[in-house]
Amino acid sequence: MTRTHVSLQQNFAGIVLTQGDPGYDDAREIFNAMIDRRPAVIAQCRTVEDVKAALAYGQREGLDIAVRSGGHSVAGASVIDGGLVVDLRLMNEVSVDTDARTATVAGGATWADVDRACQPHGLATVGGRVSSTGVAGLTLGGGSGWFERKFGLASDALISVDLVTADGREVTASAEENPDLFWALHGGGGNFGVATRFVFALQPLPVTAFALLLWLPETARTLLRTYRDMVDRGLPLDLGGGMAYLTGPPLPFVPDELQGRRLIGMIATYAGSEAEMRSAIAPLLALNPVASMIAELPYTEIQSALDDPPGFRNYWSAQHLAALSDEAIDVFIAQGEAMLVPSPSQHLILPWGGAVADHAENWPQPHRSAAWVVHPFGLWEDPADDDYVISWARNAVAGLQPYSTGAVYLNFIGNEGEDRIVSGFGRDNYDRLTRVKAEYDPANVFRLNHNIKPWTP
Ligand SMILES: Cc1cc2nc3c(=O)[nH]c(=O)nc-3n(C[C@H](O)[C@H](O)[C@H](O)COP(=O)(O)OP(=O)(O)OC[C@H]3O[C@@H](n4cnc5c(N)ncnc54)[C@H](O)[C@@H]3O)c2cc1C
């Protein structure tokens, strides 16, 4: 360890790691196995004081600074070659106030930490669809989850966020305190500081159901048109999830001959009983899935039902659709037929609307009013498939461009350039975000993200 690293270690309650230290290699690993970077220093913070010390150290030493919680950035924004990683994972406490129906969540918690703490009280908040994702990165980017059509995006449940800014200030953002910053944190990502504490409103969610229904690809056109018509007529807000091309999973209810094959499936959740769910999806059940599982499951199990082990290579993209025409369905089907199978990849289509679209104008992401989100996400093992899968995801998005709203949800994409970032907010909101950025991070210390440039006069 060099002398400068020792200076950070003094009075640091957490752990400072540099190359060669035990734990360094584990600590630099993130979900996307394509990312293999070697930071100069990983500062595993245990306290807010540690976060301040790490930020001061990084700037003093002229290091690029990455901020890491769940490590699920597909582009690898939370780890940097030769720079400093401010790693929040040791700060993962969650406490629940059942009277106030709130959860107080430390900045490095995952959704598994939150769900486990809330479940015994029959309370929940919308998180992501995979429990190992970090609360911080997902929420600050907006936060799309199973029950979003009923309760809104994860960030809609925010009551307050505590941040440490680049110059070491502790700032609270809420509807009352620093409201412009609070607005920016509903989608503006990690651009404004290191979030050390979130307070979320909780909802009662005592009974939840989950379904995985599978069909052969030959059914796709009828299936997607039926689903589209159901959405157009008005889907119950209790019904979450969508349809996806996927590889037949090795699950007991899936016949052997379907495992490992290209299938199209409905992955759905219901804020209610199995019977209510069956009634909500009756027109799809009538299309005779070749395998199906519908059951009441605890929220924690639903939230982790799709958890893939880390270690796969990842490339993701997304496109918002204003409507789902027959032509757009045919394009989606052609793309689903081109997906790499067998692999954990999915070509997903989700209806938005409901509480996602409610009050969209109040927040930085106007695209929340999109009717549909298409999300090709490639996960694969063999580097020899890199070019194929990356081109597949890019082509999937490009092919749907004629039906697109022109906007995109940034949590669902990697690094696709500045125009895509602006389209995640729209020009007016982007400009407003640049002013908030100039107030809280004028030197753009937090630039390893979907970067919002500080406004300059
Ligand atoms: C398997 C998987 C499933 C996913 N599912 C969903 C989903 O269902 N819905 C959805 O909306 N998105 C989903 N995502 C995308 C995910 O929300 C984003 O990639 C998000 O940024 C990940 O957050 P993280 O804390 O895990 O990531 P990290 O890689 O740790 O961080 C990503 C970025 O978030 C910022 N950040 C992290 N922690 C902090 C902090 N404490 N303070 C300030 N900024 C911080 C930084 O800018 C950092 O670069 C998924 C991603 C993966 C890989």
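It should be emphasised that the depicted structure is a prediction, and the values quoted were computed from it without experimental measurement. (Residues numbered from 1 in each chain as written. Predicted model: local features only at pLDDT ≥ 70, side-chain atom pairs only at ≥ 80, totals over all residues. Heavy atoms only, no water.)

J.: Just checking my understanding: could you explain the overall build of the chain for this structure?
T.: From N to C terminus, the chain includes 15 helices and 19 strands. Computed over the C-alpha atoms, the radius of gyration of the chain is 22 Å, within 12% of the 23 Å expected from 2.2 N^0.38 for a compact globule of 457 residues. Here the C-alpha coordinates of the chain stretch approximately 65 × 50 × 45 Å along the principal axes. In the chain, buried positions account for 56% of the 457 residues. Of the contacts formed within the chain by residues at least 6 apart in sequence, a portion of 72% connects residues at least 24 apart. Of the roughly 17600 Å² that the chain leaves accessible, carbon and sulfur atoms contribute 50%. Across the chain, the 33 positively charged side chains and the 54 negatively charged ones have centroids separated by 3 Å. (Helix = DSSP H or I, 4+ residues; strand = E, 2+ residues; numbered from the N terminus. Rg over C-alpha atoms; globule rule 2.2 N^0.38 Å. Buried < 20%, exposed > 50% of the residue type's maximum accessible area, 1.4 Å probe, protein only. Contact = heavy atoms within 4.5 Å. Areas by Shrake-Rupley, 256 points an atom, 1.4 Å probe, with all protein chains shown as cover. Lys, Arg positive; Asp, Glu negative; His and termini not counted. Charge placed at Lys NZ, Arg CZ, Asp CG, Glu CD.)

J.: Whenever I open this one, the UniProt feature "domain: FAD-binding PCMH-type" (unreviewed entry) in the chain confuses me. Can you help?
T.: In the numbering used here, UniProt assigns the "domain: FAD-binding PCMH-type" (unreviewed entry) feature to residues 34-205. The straight-line gap between the two end C-alpha atoms of residues 34-205 is 37 Å; of that span, 22% is helix and 26% is strand. (UniProt positions renumbered as here; feature names shortened; annotations may be inferred.)

J.: Would you mind showing me how to read the sheet that holds strand 5 (residues 94-97) here?
T.: Picture the strands of a sheet paired through backbone hydrogen bonds; they go either parallel or antiparallel. Read from one edge of the open sheet, five strands run 5-6-10-8-9, paired in antiparallel fashion. The sheet is open, and its two borders are formed by strand 5 and strand 9 (170-174), each paired with just one other strand. Here the strands of the sheet are splayed against their neighbours by 15° on average, with no regard to which way each runs. The sheet strands contacting helix 4 (residues 111-118) are strand 5, strand 6 (102-106) and strand 10 (194-201), and the helix crosses strand 5 at an angle near 35°. (Pairing = 2+ DSSP bridges. Axes fitted to C-alpha atoms, helices over the stretch in contact; angles between N-to-C directions.)

J.: Looking at this structure, how should I read the packing of aromatic side chains?
T.: Geometry of an aromatic ring pair is reported as the spacing of the ring centres plus the angle between the planes. A complete count under the given rule lists ten aromatic pairs for this structure. Pairing Phe198 with Phe200 gives two aromatic rings, centres 5.9 Å apart and planes at 20°, and the pair type is stacked. Where Trp316 meets Phe377, the ring centres are 5.2 Å apart and the plane angle is 40°; that geometry is what we call tilted. With a gap of 61 residues between them, Trp316 in strand 16 (residues 313-316) and Phe377 in strand 19 (residues 372-380) connect regions that are remote in the sequence. According to the relative accessible area criterion, Trp316 is buried, its value standing at 18%. (Phe/Tyr/Trp six-rings, centres within 6.5 Å; stacked < 30°, edge-to-face > 60°.)

J.: How should the domain arrangement of the chain be read in this particular structure?
T.: Quoted interface sizes are often the accessible area lost when the parts come together. Once the domains are mapped, the chain shows domain 1 (3-87), domain 2 (94-204) and domain 3 (209-412). Computed from C-alpha coordinates alone, the two centres of domain 1 and domain 3 are separated by 35 Å. Of the residues lining the interface, five residues belong to domain 1; the matching set on domain 3 comes to 13 residues. Joining domain 1 to domain 3, the criterion identifies two residue pairs in polar contact (both at pLDDT 80 or more). When its residues are assigned to classes, the side of domain 1 that touches domain 3 shows four nonpolar, one polar and no charged. (Domains from an automatic or database assignment. Polar contact = N/O pair within 3.5 Å; in protein donor to acceptor, adjacent residues only side chain to side chain. Nonpolar A, V, L, I, M, F, W, Y, C, P; charged D, E, K, R; others polar.)

J.: What is the right way to look at the sheet that holds strand 2 (residues 41-44) in this model?
T.: Read across the sheet, four strands follow the order 1-2-4-3 without closing on themselves; strand pairing throughout is mixed. Where the open sheet ends on each side, the last strands, each with one partner, are strand 1 (15-17) and strand 3 (65-68). Sheet twist, expressed as the average angle between the axes of neighbouring strands with direction ignored, equals 15°. Pairing of strand 3 with strand 4 (residues 84-87), which is carried by four bridges, proceeds in the parallel orientation. By the bridge assignment, Val67 is partnered in strand 4 with Val86. Helix 3 (residues 48-60) contacts strand 2, strand 3 and strand 4 of the sheet and is inclined by roughly 170° relative to strand 4.

J.: Help me understand the pattern of salt bridges in this model?
T.: Two side chains carrying opposite charge are able to pair once their charged atoms lie near each other. Taken as a whole and judged by the stated rule, the model has 24 salt bridges. Note that Asp229 and Arg228 form a salt bridge whose closest N and O atoms lie 2.8 Å from each other. A salt bridge links Arg278 to Glu274; its shortest N-O distance comes to 3.0 Å. In this pair, Arg278 and Glu274 both sit in helix 9 (residues 274-280), four residues apart, roughly one turn of the helix. Residue classification places Arg278 among the partly exposed positions, given a relative accessible area of 37%. (Salt bridge = Lys/Arg side-chain N within 4 Å of Asp/Glu carboxyl O.)

J.: Help me understand empty space enclosed by the protein, please; the structure alone is not making it clear to me.
T.: One water molecule sets the probe size; rolling that probe over the atoms shows where empty space is left. Evaluation of the coordinates by the stated rule reveals one cavity of 30 Å³ or more. Reported here for the largest cavity is a volume of approximately 30 Å³. Looking at the largest cavity, the residues that line it are Arg149, Tyr227, Leu235, Leu239, Gly240, Gly241, Met266 and Pro351. The residue inventory of the lining of the largest cavity, partitioned by class, reads five nonpolar, two polar and one charged. (1 Å grid on protein atoms, 1.4 Å probe; cavity = no way out; pocket = protein on both sides within 12 Å on 5 of 7 lines; lining within 4 Å. Points joined across faces, edges and corners; volume = space filled by probe spheres on them.)

J.: So what exactly am I meant to see when it comes to the site of the ligand here?
T.: The full set close to the ligand counts 33 residues, and Ser69, Gly71, Ser78, Ser144 and Tyr409 are the nearest of them. Here an oxygen atom of the ligand and a backbone polar atom of Ser73 are 2.9 Å apart. Ser78 has a polar side-chain atom sitting 2.6 Å from an oxygen atom of the ligand. At the level of elements, strand 3, helix 5 (135-140) and strand 10 are the ones that each hand at least two residues to the shell around the ligand. At four residues, the largest contribution of residues to the shell around the ligand is made by helix 5. Of the residues that constitute the shell around the ligand, the class distribution is 14 nonpolar, 17 polar and two charged. (Near = heavy atom within 4 Å.)

J.: Any chance you could explain helix 4 here in plain terms?
T.: In an α-helix there are 3.6 residues to a turn, and that puts residues three or four apart on one side. Burial analysis of helix 4 places six of its eight residues in the buried class, the great majority of the element. When helix 4 is considered as a whole, its buried residues turn out to be Trp111, Ala112, Asp113, Val114, Asp115 and Cys118. Contacts made by the buried residues of helix 4 are with strand 5, strand 6, strand 7 (123-124), helix 5, strand 10 and helix 11 (299-304).

J.: How should I be thinking about the layout of surface pockets in this particular structure?
T.: Taken as a whole, the second largest pocket spans an internal volume of roughly 230 Å³. If you go around the second largest pocket, you meet 15 residues; those closest to its centre are Arg68, Gly70, His72, Arg89 and Ser132. The residue makeup of the lining of the second largest pocket, split by class, is three nonpolar, seven polar and five charged. Taken domain by domain, the lining of the second largest pocket gets at least three of its residues from each of domain 1 (3-87) and domain 2 (94-204).

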